[in-house]
4 protein chains.
Amino acid sequence: MSRRRSKAEQRPEGPPWRVLMHDVIFESDTPAGWAFDVGLLLAILTSVTLVAVETIPSVAQRNWLILGRFEWFLTILFTIEYGARLACAKHPLRYAVSFWGVIDLLSVLPTYVGFFFVESDANSFVILRSIRLLRAFRVLKLWRMMDDAEELSQAIWKARHKIIVFLIVVLVAVTISGTLMYFVENVIPRMTRGESPLDDSEFVASQFDSIPQAMYWAIVTMTTVGYGDIVPKTTIGKFISATLILLGYSLIIVPSGFVTAELTSRKSSEPDDETACPRCATVEHPGEAVYCYRCGERLAAEG
Amino acid sequence: MSRRRSKAEQRPEGPPWRVLMHDVIFESDTPAGWAFDVGLLLAILTSVTLVAVETIPSVAQRNWLILGRFEWFLTILFTIEYGARLACAKHPLRYAVSFWGVIDLLSVLPTYVGFFFVESDANSFVILRSIRLLRAFRVLKLWRMMDDAEELSQAIWKARHKIIVFLIVVLVAVTISGTLMYFVENVIPRMTRGESPLDDSEFVASQFDSIPQAMYWAIVTMTTVGYGDIVPKTTIGKFISATLILLGYSLIIVPSGFVTAELTSRKSSEPDDETACPRCATVEHPGEAVYCYRCGERLAAEG
Amino acid sequence: MSRRRSKAEQRPEGPPWRVLMHDVIFESDTPAGWAFDVGLLLAILTSVTLVAVETIPSVAQRNWLILGRFEWFLTILFTIEYGARLACAKHPLRYAVSFWGVIDLLSVLPTYVGFFFVESDANSFVILRSIRLLRAFRVLKLWRMMDDAEELSQAIWKARHKIIVFLIVVLVAVTISGTLMYFVENVIPRMTRGESPLDDSEFVASQFDSIPQAMYWAIVTMTTVGYGDIVPKTTIGKFISATLILLGYSLIIVPSGFVTAELTSRKSSEPDDETACPRCATVEHPGEAVYCYRCGERLAAEG
Amino acid sequence: MSRRRSKAEQRPEGPPWRVLMHDVIFESDTPAGWAFDVGLLLAILTSVTLVAVETIPSVAQRNWLILGRFEWFLTILFTIEYGARLACAKHPLRYAVSFWGVIDLLSVLPTYVGFFFVESDANSFVILRSIRLLRAFRVLKLWRMMDDAEELSQAIWKARHKIIVFLIVVLVAVTISGTLMYFVENVIPRMTRGESPLDDSEFVASQFDSIPQAMYWAIVTMTTVGYGDIVPKTTIGKFISATLILLGYSLIIVPSGFVTAELTSRKSSEPDDETACPRCATVEHPGEAVYCYRCGERLAAEG
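Residues numbered from 1 in each chain as written. Chains lettered and ligands numbered in written order. Predicted model: local features only at pLDDT ≥ 70, side-chain atom pairs only at ≥ 80, totals over all residues. Heavy atoms only, no water.

Caption draft 1: Summary view of the overall build of chain A. Counting its secondary structure elements, chain A contains 13 helices and 0 strands. Each helix and strand of chain A, placed in order from N terminus to C terminus, yields the pattern α-α-α-α-α-α-α-α-α-α-α-α-α. For chain A, the proportion of its 303 residues judged to be buried stands at 46%. Look at the contacts in chain A between residues 6 or more apart in sequence, and 55% of them connect residues 24 or more apart. Put simply, chain A shows about 15,100 Å² of open surface, and 65% of that area lies on carbon and sulfur atoms. (Helix = DSSP H or I, 4+ residues; strand = E, 2+ residues; numbered from the N terminus. Buried < 20%, exposed > 50% of the residue type's maximum accessible area, 1.4 Å probe, protein only. Contact = heavy atoms within 4.5 Å. Areas by Shrake-Rupley, 256 points an atom, 1.4 Å probe, with all protein chains shown as cover.)

Caption draft 2: Fine view of the nonpolar core. Core analysis: the largest hydrophobic core is formed by 121 residues, its most contacted members being A:Tyr227, B:Tyr227, C:Tyr227, D:Trp217 and D:Tyr227. In this structure C:Tyr227 touches B:Tyr227, C:Tyr216, C:Val220, D:Trp217, D:Thr221, D:Gly226, D:Tyr227, D:Gly228, D:Ile230, D:Val231, D:Pro232 and D:Ile245, once residues within four positions along its chain are discounted. (Core = buried A, V, L, I, M, F, W, Y, C linked by side-chain atoms within 4.5 Å.)

Caption draft 3: Representation of the UniProt feature "transmembrane region" (unreviewed entry) in chain A in the model. Residue and element names in this part refer to chain A. Taking the UniProt record as the reference, the feature "transmembrane region" (unreviewed entry) is found at residues 34-52, 64-84, 96-118, 163-184 and 239-259. In this annotation, residues 34-52 is assigned 100% helix and 0% strand; the end-to-end C-alpha distance for the span is 27 Å. When the span residues 163-184 is considered, its composition is 100% helix and 0% strand, and the gap between its end C-alpha atoms is 31 Å. (UniProt positions renumbered as here; feature names shortened; annotations may be inferred.)

Caption draft 4: The arrangement of the side chain of C:Ser107 in detail. Residue and element names in this part refer to chain C. Among the secondary structure elements, Ser-107 is positioned in helix α7 (residues 99-116). Within the structure, the side chain of Ser-107 is placed 2.8 Å from the backbone oxygen of Ile-103, a separation counted as a polar contact. Excluding anything up to four places from it in sequence, Ser-107 contacts Arg-135, Arg-138 and Lys-141. (Polar contact = N/O pair within 3.5 Å; in protein donor to acceptor, adjacent residues only side chain to side chain.)

Caption draft 5: Main features of the packing of aromatic side chains. Residues and elements named next belong to chain B. Going through the model one piece at a time under the given rule, you end up with 16 aromatic pairs over all chains. Centre to centre, the rings of Phe-208 and Trp-217 are 5.3 Å apart; their planes meet at 65°, and the pair counts as edge-to-face. When its relative accessible area of 0% is taken as the criterion, Phe-208 is described as buried. (Phe/Tyr/Trp six-rings, centres within 6.5 Å; stacked < 30°, edge-to-face > 60°.)

Caption draft 6: Structural view of a nonpolar patch on the surface. Residues and elements named next belong to chain C. Together, Val-102, Leu-105, Leu-106, Leu-109, Val-113, Leu-134 and Phe-137 give the surface a local cluster of nonpolar side chains, amounting to about 460 Å² of exposed area. Its location among the elements puts Val-113 in helix α7. A relative accessible area of 30% means that Val-113 is categorised as partly exposed. (Patch = residues over 30% accessible without salt bridge, like charges linked within 9 Å, V, L, I, M, F, W, Y side chains within 5 Å. Salt bridge = Lys/Arg side-chain N within 4 Å of Asp/Glu carboxyl O.)

Caption draft 7: View of the packing of helix α5 (residues 64-88) of chain B against helix α7 (residues 99-116) of chain B. All names here are of chain B. Where α5 meets α7, the closest approach of the two axes is 9 Å, and the angle between their N-to-C directions is 140°. Here α5 is positioned oblique relative to α7, judged by the angle of their axes. In the packing of α5 onto α7, the handedness of the crossing is left-handed. Where α5 abuts α7, its residues Glu-71, Trp-72, Thr-75, Phe-78, Thr-79, Tyr-82 and Arg-85 lie against Gly-101, Asp-104, Leu-105, Val-108, Thr-111, Tyr-112 and Phe-115. (Axes fitted to C-alpha atoms, helices over the stretch in contact; angles between N-to-C directions. Parallel < 35°, antiparallel > 145°, perpendicular 65-115°, else oblique. Left-handed = near helix turned anticlockwise from the far one by under 90°.)

Caption draft 8: Molecular detail of the environment of A:Ala43. Residues and elements named next belong to chain A. Assignment of secondary structure puts Ala-43 in helix α3 (residues 31-54). Residue Ala-43 is classed as buried on the basis of its relative accessible area of 11%. When sequence neighbours within four positions are dropped, the list of residues in contact with Ala-43 reads Leu-74 and Phe-78.

Caption draft 9: Broad picture of the packing of helix α3 (residues 31-54) of chain D against helix α5 (residues 64-88) of chain D. All names here are of chain D. Running from amino to carboxyl end, α3 crosses α5 at an angle of 140°, the nearest separation of the two axes being 10 Å. Regarding the angle of α3 to α5, the classification is oblique. Once α3 is placed against α5, the crossing between them reads as left-handed. Contacts between α3 and α5 involve Phe-36, Leu-40, Ala-43, Ile-44, Thr-46, Ser-47, Leu-50, Val-53 and Glu-54 from the former and Leu-67, Phe-70, Glu-71, Leu-74, Phe-78, Glu-81 and Arg-85 from the latter. For the contact of α3 with α5, the class distribution of residues is 10 nonpolar, 2 polar and 4 charged. (Nonpolar A, V, L, I, M, F, W, Y, C, P; charged D, E, K, R; others polar.)

Caption draft 10: The pattern of salt bridges, seen in detail. Residue and element names in this part refer to chain D. For the coordinates displayed, the defined rule picks out 8 salt bridges over all chains. One salt bridge connects Asp-104 with Arg-85, and the closest N-O pair in it is separated by 3.7 Å. Residue Asp-104 is found in helix α7 (residues 99-116), and its partner Arg-85 is found in helix α5; the two are separated by 19 residues along the sequence. Residue Asp-104 shares its accessibility class with Arg-85, and that shared class is buried.

Caption draft 11: Molecular detail of the environment of A:Ser241. Its place among the elements puts A:Ser241 in helix α13 (residues 235-269). For A:Ser241, a relative accessible area of 0% puts it in the buried group. For the pair formed by A:Ser241 and A:Lys158, sequence separation is 83 residues and the distance between their alpha carbons is 34 Å. For A:Ser241, the residues in contact, after removing those within four places along its chain, are A:Met181, A:Trp217, A:Pro232 and D:Tyr216.

Caption draft 12: Main features of unusual backbone geometry. With a phi angle near 60°, C:Thr224 is a residue other than glycine that sits in the positive phi range. Position of C:Thr224 among the secondary structure elements: in the loop between α12 (211-222) and α13 (235-269).

Caption draft 13: How the structure looks around helix α10 (residues 149-158) of chain A. Every buried residue belonging to α10(A) is among A:Ala149, A:Leu152 and A:Ala155, and all of these are buried. All buried residues of α10(A) lie within an arc of 130° about the axis, which places them on one face of the element. (Arc of directions from axis to C-beta.)

Caption draft 14: Inspection of the side chain of C:Thr223 at higher detail. Positionally, C:Thr223 belongs in the loop between α12 and α13. In this structure C:Thr223 touches D:Thr224, D:Ile245, D:Leu246 and D:Tyr249, once residues within four positions along its chain are discounted.

What follows is the structure, encoded as structure tokens:
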């Protein structure tokens, strides 16, 4: 609701074409606005696919001409879109420095920058390539087109404390697990063999070759991703890691259940129906309301 | 409820054998209908097992005769079933073009097509094989036999917006993670070695050899599947992927908690008991309740 | 509550020592009963550890004497326990053929059977070994000692329909995904190379060498276990499996959310407090009850 | 609430500098207290990063001088912090033997111990190294700085019975699955080949080389980590493990849903608003409510 009101307030003044263009670009209620959204969606998806496909050597070498033309076509389209948004925004400057304004500019800039770059050597080629990869961030525009995006953003925003708590818990658990496993899988076996732990030249059997590596293992394991590129080899290491997995798994469902509980309680406190009070027209009564909480009038029976 | 009513309406007119057959095939309330369902269940499971087992070379070569006879027996059974459904459906044509009608036809067609196919060369053999694999879709018939299928379909259908939001969030996250990891694991190491990024002939150490590959890695990682066929090798790559895993994991529990919250709220809004208090409309009274537990009003007698 | 009553009913008649022994063995309210439970717990854990440790060749060869003696000590302990249970059960025969009676018998039988077995050749040794492994099922006795076991069993029992629906959904999804991936990863590449699909002698590159194998892959993937022993190699195979992972992941949270919703709704309908009605002494009022649902009396205010 | 009161009670008597120092160190409400917290946070993170980085051989050898100086600087900082806590705690001795007091002491001890240790041989070097690793436990101090830590600790503490039940269920399932898979993957293939199961000298093909190993596999699999270092090789082993994965997955969502249900019910039983209806005791009225939405009774005026 607050979103719709803010939309109405963002309508620009000025000539009618500006208002009309604003409605087409920023709203999706009208047929023209809907068509604009679908076209933009297709353009974004095509563009992101292009960026991805260009990095496959065999495809890129055979089709570089058509890929390049396609890219220019899309860049010009996005440039027109950027210009139109600038033209019909209520406060063009405020739009230009906003999050979405910067994303829209970054959508077109890489291709132009690449045009003026001389591909003299490998290094500048790589820099150019990196800039061109920025076009993949066009996919962020999808977020703006998603109706539930605001609701989801709010849910994440309201759950941010829980997420930070979750991250701190994971950080503490990962540091301690990682150090323990480094000790068990690396320090103890070396001690048995009588090696100096910092001697780089000798053969290192364990995959837990440093604490950062062991912490990487702990993160991969506790989130149940489990690549298997780093696994415990010693019996005691397997025993400890099995214990850590079970402990981590039992503890991790607590913060994750927290978020679900938060969402469930918010859900159930939302009014389900739109029954308005016949006397004072108040809406947003709790789901099972019988009397208006404002004036005490009995609400209309549903049956 | 709506399902039962629609069932009653779907009963065909005509001779009594048609009504009887309809009840046996389409309903499972009568003993005969239940026996038909169990028989069909066994036939489907046998048939799907046959399709699977035929693809194991050692088994298929030794038992092709018995497998083939079994297959013909099942095909004839399913043909009779298809014919019976056609015969006793209220609108045979409407059934034939419906989803389940097409599935039922596809259950029998492949064996007949294979019979008339001349296995002249490897190519036609493969086409034949592909058609025979279609018989695996008979497993879809299990769905029709599941009592809660409609409830589950509805739950998925009602949660479709949440699922689409979830997929868009994943798509955005996967594109950005994939591009970032491609840059870190592929472009930077090549730059250090002074290679041209598109030179196909040189040795490529990184498993992140293109953005689509990196996006495949991101999907496998963010859903915590974690095959381990593609893993970061560089220290910075491991650091970034550990961060991405943690971020992805914290963010992904939000939409997944959304679905649970949706289902929980739907569940709790279903009253178990239909007696409502005439004063305050509280439902969910204990079975033997006489007075409303909330406002003390006498409940309407049921008998 | 119903459990306690049934316990009281199961008390045997007869001499006082039988009643006393029954209370020690079957109840854990008295100090002696508690001590018996803790002793049994330790004996079970030691016994299961023994079974596990005996299978490590290096440990077993060096310590076979002490392991064997320990085993006999535990077997005699469990035999005494079995005898005592038989002696003090109200209906000894009914206990002997019950689930727990059979488990208790299987706990001691393997050691005795092994004693009378002549270890003449490798085959009988293996059979003996298999019988000895049965002792690992002693771990099931832990289940009986768990206070919440009955609640958990009931929750699983009540959610059995949801679990069956879940398994059917997974079965359908796994069959179709497996067949699809077998087609994409095995049939298409062979077709391109012009091979006969059933020719066993030629080199097979794909790990999807049959539909059962592909279904094993689908189960490992959809449950997010993701071993990585079977992974798609072709580009189209990776694309399809990424899509299947996402679809599977979005669909699988629906039945899993179902179970959580079921448990949440059961939880919230449980009466939280023990407020008894001052007039008719009814307990088990809903948590927020103000009036007795039986006689309409106002319940005692808490503050 | 109870936490704040206990804080007030923990304020030491004595000179004003002691009270002031106490507030800076133990509270974070004042600007000085907040600055102290942020400084401590940075010091902890730096220190833990140092411990981790020192274990990377290439980094440690090149930068041992600067790393050592940094370490001494942090150790002196933590020593001052430890002294200050001792000085301004209400009961210094009680603090010194408390959990956090021991952790604070262990934060500084390793560096001093390392200073007096003579690095004569590799063995003492390793012991020294192990002691230095203890500094990683400084990360536990983060827990104390987390506002929601107490709430989370309580949630875990209250869910401890569920977690123990969960662990017992997993223990039973893991023992039985492990024994079964050891039998299927190791004993049966050996039997077929006519080998003696305890003959260590012969080649062992299976990765399930003992029951503890098979139980490690079962834990890694049932928690969906799935490293892939141990996987079934035989057809029957794959079939059984796929079944176990599905069963385990269906059963494991029950205890995990338990925890979520527990948290959800606790959440929903916390009233947001304390105004209760005098007639029917309904709480959770909207903020501006005047009449009870359930029974129409006028709510008590608050002002």
